[in-house]
Amino acid sequence: GFEAVVGRLTQLKREFYSHDFPGDKLFQVILKGLRFGTPVMVEQWLTDINLPRPASVRVLESSVATQATFKNYAVSFKKGQVTLSELNLIKRIKAINIRWERYYPTRDDVTQCKNCFRFGHGQTNCSMLARCTKCGGEHLAKQCFKELGNIRICANCEGNHSPFNRNCKARRDFIEKRDAKKRPPAAARYIPAPIPETSAWNNRLNWGPPPPAPTVLPAHAAQAAHAAHAAHAAPQQLPEQTPQPQPQPQQLPQAVQPMLSQTEQMKLLLQPLQQQIHQMQEQIITLQKHILLHGFEAVVGRLTQLKREFSSHDFPGDKLFQVILKGLRFSTPVMVEQWLTDINLPRPASVRVLESSVATQATFKYYVVSFKKGQVTLSELNLIKRIKAINIRWERYYPTRDDVTQCENCFRFGHGQTNCSMLARCTKCGGEHLAKQCFKELGNIRICANCEGNHSPFNRNCKARRDFIEKRDAKKRPPAADRYIPAPIPETSAWNNRLNWEPPPPAPTVLPTHAVHAAHAAHAAHAAPQHGFEAVVGRLTQLKREFSSHDFPGDKLFQVILKGLRFSTPVMVEQWLTDINLPRPASVRVLESSVATQATFKYYVVSFKKDDVTQCENCFRFGHGQTNCSMLARCTKCGGEHLAKQCFKELGNIRICANCEGNHSPFYRNCKARRDFIEKRDAKKRPPAADRYIPALIPERRLGTTG
């Protein structure tokens, strides 16, 4: 097994590394609030309060880097030993208030070992020789006696930097090789077959003249031709046949002559088009060869060089890491880009002002800063608190996903601005120029570049936009023949006869006839209750059979935790909830974890029946909501067909329900009309008894004689 191989390699003192199994990963939490203490002390304190011994305790680097007053500790337990809800019950350690949070490690683009500094594995499963962070030698940094001053020798590329430097050449090479494996090779991509040089349609496209009419030969020439043909096609002696006279050639009508002349003219006009088609075919074949030989980037470069209009899409690995920079008042995207470069951050791929901050006229502008993936992480950016003596903050940018991707350059749908090489179009008149270069005076009129309507090209009700969505959704939806359509329920079921609970045929008996009939009638009356799930459960319970069943999906309970009560029992809690006009709970029980930890306050698990009744707030009827209701509004006081604020009836504390005319609100949960609606709805949901699987019962005893 795996352990034997690891043990053998360790015994042979081989250098190797491995990976964790998915089930061996640890449950990690963050312990916040402790001012003083080391990881060893924290581990001992947790053990003293009867928690399982942690697998590891370490100080979170971000709390040290920011010089926080309270240290944050990453505590790791084995899976299943403890849960976050149990830890949250522990509020104090050594008379210090603490809190627990789930730990989410920052996913770096590269996994790097902190023991040997190589890439692709972690420190936990590494059995390589440790290497020095100063000189790169095979020893620990605290055992290094070399005096290098400010010089550092990277253990991976021998450059003058730390082995964790993000711009390390070895790091970049590792990322490049890994991404090259992820991307499909050029040969595996879809490449259309080249157009053949010769086609069966070429002869048709030559538009050649019609075949010549048959010529009339002299009689002796015709006889000689027939004799030659007979000698070539029939070597055997055939009887001599008299030659048939050749038909006289018919003269073409006068109306056909103009058609022939028009055909010749069309042939002359199509020659330039044929040449252009031939040139385009050659260009397509050339591009296909470039794709096969050089790849996607070479084709994009070639099309750009030829100034062709085209659009493409990003590879998944080429997407950018985007963050929002908040807090800057007076600046431009160019200035922000320069300031970020001055504080030794990698140069952003782009910086732009967030439109929402401009539209709302906020005091501070928000900038969307885009970096290439792997250059920087959000945790590193959060360490930068000030730029140009101005307090700033960073947040992850989540773009609003629209239902359609629309280019901001050519305004077409299906691709973005980044990869668009189409001609730019105007937002005012729809022409092939930028809006700032448009000199047309149209006033309030706008001409959409897609449908030529009087609106902006980004209008959500644009006809071209709706057509694009309709075509896209039509491709996504499966055809009617591929959808799952359940078979109709048969009118009669093969289980009906079994569910009749018919008694078994009686054995031969010597009893009188009237006695036998009386016995069978009594057995049938006893063994044939009303059919259905409840009847079967009742019958099995009556027979004291061992069986198990499951709840219907609609019968499951809605469970909540009630916190804060000190001195009470489940019966008292149930009565208190009923006293404040809540529906009676299905069950109330004490949460075991609150008893096990001896908490001051007990936690109660309260279960209610699920109520999924939709009730309209306009007409108070059941089965629909207020949004789609066109009924007359009804009053919550008297139940009349008017609003409550228009009601002038003086009823005092009396309320007339609009549904059942009872003395309660129309939203009362025990309303008779509400219960009737739920009963009818549930009766429709449950399948009839004949369609359920019900096992046959074992008869108690057969009627017959006993010796």
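- The chain carries the name CCHC-type domain-containing protein in an unreviewed UniProt entry, which gives Anopheles epiroticus as its organism.

Considerations on the overall build of the chain
Thinking step 1. Scanning the chain from N- to C-terminus turns up 19 helices and 15 strands.
Thinking step 2. A total of 707 residues make up the chain; the buried ones form 25% of that total.
Thinking step 3. In the chain, once contacts between residues fewer than 6 apart in sequence are set aside, the share between residues at least 24 apart is 51%.
Thinking step 4. For the chain, the computed accessible surface area is about 51,500 Å², with 54% contributed by carbon and sulfur atoms.

Overview of the sheet that holds strand 1 (residues 26-32)
Thinking step 1. With respect to topology, four strands assemble into an open sheet ordered 2-3-1-6, the strand pairing being antiparallel. Two strands lie at the open edges of the sheet, namely strand 2 (56-59) and strand 6 (99-102), each paired on one side alone. Strand after strand, the sheet turns through a mean of 30° between neighbouring axes, direction not considered.

Observations regarding the sheet that holds strand 8 (residues 350-353)
Pairing between sheet strands relies on hydrogen bonds along the backbone, with the strands arranged either parallel or antiparallel.
Thinking step 1. Taken in spatial order, the four strands of this open sheet run 8-9-7-12, and their pairing is antiparallel. Two strands bound the open sheet, and with one partner strand each, they are strand 8 and strand 12 (393-396). For this sheet, the mean inter-axis angle between neighbouring strands, taken without regard to orientation, is 30°.
Thinking step 2. The pairing of strand 7 (residues 320-326) with strand 12 spans four bridges and is antiparallel. If you follow Lys326 over to strand 12, its bridge partner there is Arg393.

A closer look at the packing of aromatic side chains
Thinking step 1. Under the counting rule described, the total for this entry stands at six aromatic pairs.
Thinking step 2. When the centroid spacing of 5.4 Å and the interplanar angle of 85° are considered together, the rings of Phe117 and Phe164 count as edge-to-face. Of this pair, Phe117 sits in the loop between strand 6 and helix 5 (169-182) while Phe164 is found in the loop between strand 6 and helix 5, placing the two residues 47 residues apart along the sequence.
Thinking step 3. The ring of Tyr366 has Lys326 sitting right over it, with the charged end atom 4.8 Å from the ring centre.
Thinking step 4. Between the NZ or CZ atom of Lys563 and the centre of the ring of Tyr603, over which it lies, the distance is 4.9 Å.

Comments concerning the pairing of strand 9 (residues 367-372)
Thinking step 1. For strand 9, the tally of buried residues reaches five of six residues, placing the bulk of the element in the interior.
Thinking step 2. Relative to strand 9, strand 7 runs antiparallel, the two being bridged by six bridges. Of the residues in strand 9, the one forming a bridge with Leu325 is Tyr367.
Thinking step 3. Here strand 8 runs beside strand 9; their pairing, made up of four bridges, is antiparallel. Along strand 9, the bridge assignment pairs Ser350 with Ser370.

Some details on the nonpolar core
Thinking step 1. One finds Leu31, Leu34, Val42, Val75, Leu87 and Trp100 to be the most contacted residues of the largest nonpolar core, which totals 19 residues.
Thinking step 2. Contributing elements (two or more residues each) for this core: strand 1, helix 2 (39-48) and strand 3 (73-78).
Thinking step 3. Discounting residues that sit within four places of it in the chain, Leu87 has contacts with Phe27, Val29, Leu51, Phe77, Val82 and Trp100.
Thinking step 4. Among the nonpolar cores identified, the runner-up in size contains 18 residues, and Trp339, Val376, Ile384 and Ile387 belong to it.

Parameters and conventions
- Residues numbered from 1 in each chain as written.
- Predicted model: local features only at pLDDT ≥ 70, side-chain atom pairs only at ≥ 80, totals over all residues.
- Heavy atoms only, no water.
- Helix = DSSP H or I, 4+ residues; strand = E, 2+ residues; numbered from the N terminus.
- Buried < 20%, exposed > 50% of the residue type's maximum accessible area, 1.4 Å probe, protein only.
- Contact = heavy atoms within 4.5 Å.
- Areas by Shrake-Rupley, 256 points an atom, 1.4 Å probe, with all protein chains shown as cover.
- Pairing = 2+ DSSP bridges.
- Axes fitted to C-alpha atoms, helices over the stretch in contact; angles between N-to-C directions.
- Phe/Tyr/Trp six-rings, centres within 6.5 Å; stacked < 30°, edge-to-face > 60°.
- Lys NZ or Arg CZ within 6 Å of the ring centre and 35° of its normal.
- Core = buried A, V, L, I, M, F, W, Y, C linked by side-chain atoms within 4.5 Å.

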